[in-house]
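# Inside the fold
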Amino acid sequence: LEKKQEAKKKHNVVHKKKYLFTKRAMENGVLYGSLKPKEITKQILDLDKIEIKPSSITLNKEINKTGSYKAKINLHSEIESEILIEVANESDKKK
């Protein structure tokens, strides 16, 4: 029960939240390396001080292009959050 309450707290913070990542990408938007769950969990930890295991993140498809994505986070057997991921090209910032 304690784990479920903890999972619910995490859910309340991250659910439907948007996380922005800037990655090196080619002109056509293809990333030089795909965005991994480990990077996503690090970003959540840095921004929200919430620790999530990379293995609990489910990506619908590999994040290997710039754009918007959704990911599911399995926090508990009964609690699943959805986060929004925005991937921007690092070089777009310089323009």
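Use the structure listed above.
Quick look at the structure, then. (Residues numbered from 1 in each chain as written. Predicted model: local features only at pLDDT ≥ 70, side-chain atom pairs only at ≥ 80, totals over all residues. Heavy atoms only, no water.)

With that settled, the discussion passes to the pattern of salt bridges. In the structure shown here, the tally under the stated rule is seven salt bridges. The closest approach of N and O atoms between Lys4 and Glu78, which form a salt bridge, is 2.6 Å. Here the residue Lys4 occupies a position in helix 1 (residues 2-14), and Glu78 occupies one in the loop between strand 5 (67-76) and strand 6 (79-89), the gap between them amounting to 74 residues. Here Lys4 falls in the partly exposed class, since its relative accessible area comes to 29%. For Glu78, a relative accessible area of 57% puts it in the exposed group. With a shortest N-O distance of 2.9 Å, Lys42 and Asp46 are connected by a salt bridge. Residue Lys42 and its partner Asp46 are both found in helix 2 (residues 37-48); the two are separated by four residues, about one turn of the helix. Assessed through its relative accessible area of 40%, Asp46 is described here as partly exposed. When salt bridges that share partners are traced, they join Lys16, Lys72 and Glu82 into one network. (Salt bridge = Lys/Arg side-chain N within 4 Å of Asp/Glu carboxyl O. Helix = DSSP H or I, 4+ residues; strand = E, 2+ residues; numbered from the N terminus. Buried < 20%, exposed > 50% of the residue type's maximum accessible area, 1.4 Å probe, protein only.)

Any link to function would need more than the numbers given here.
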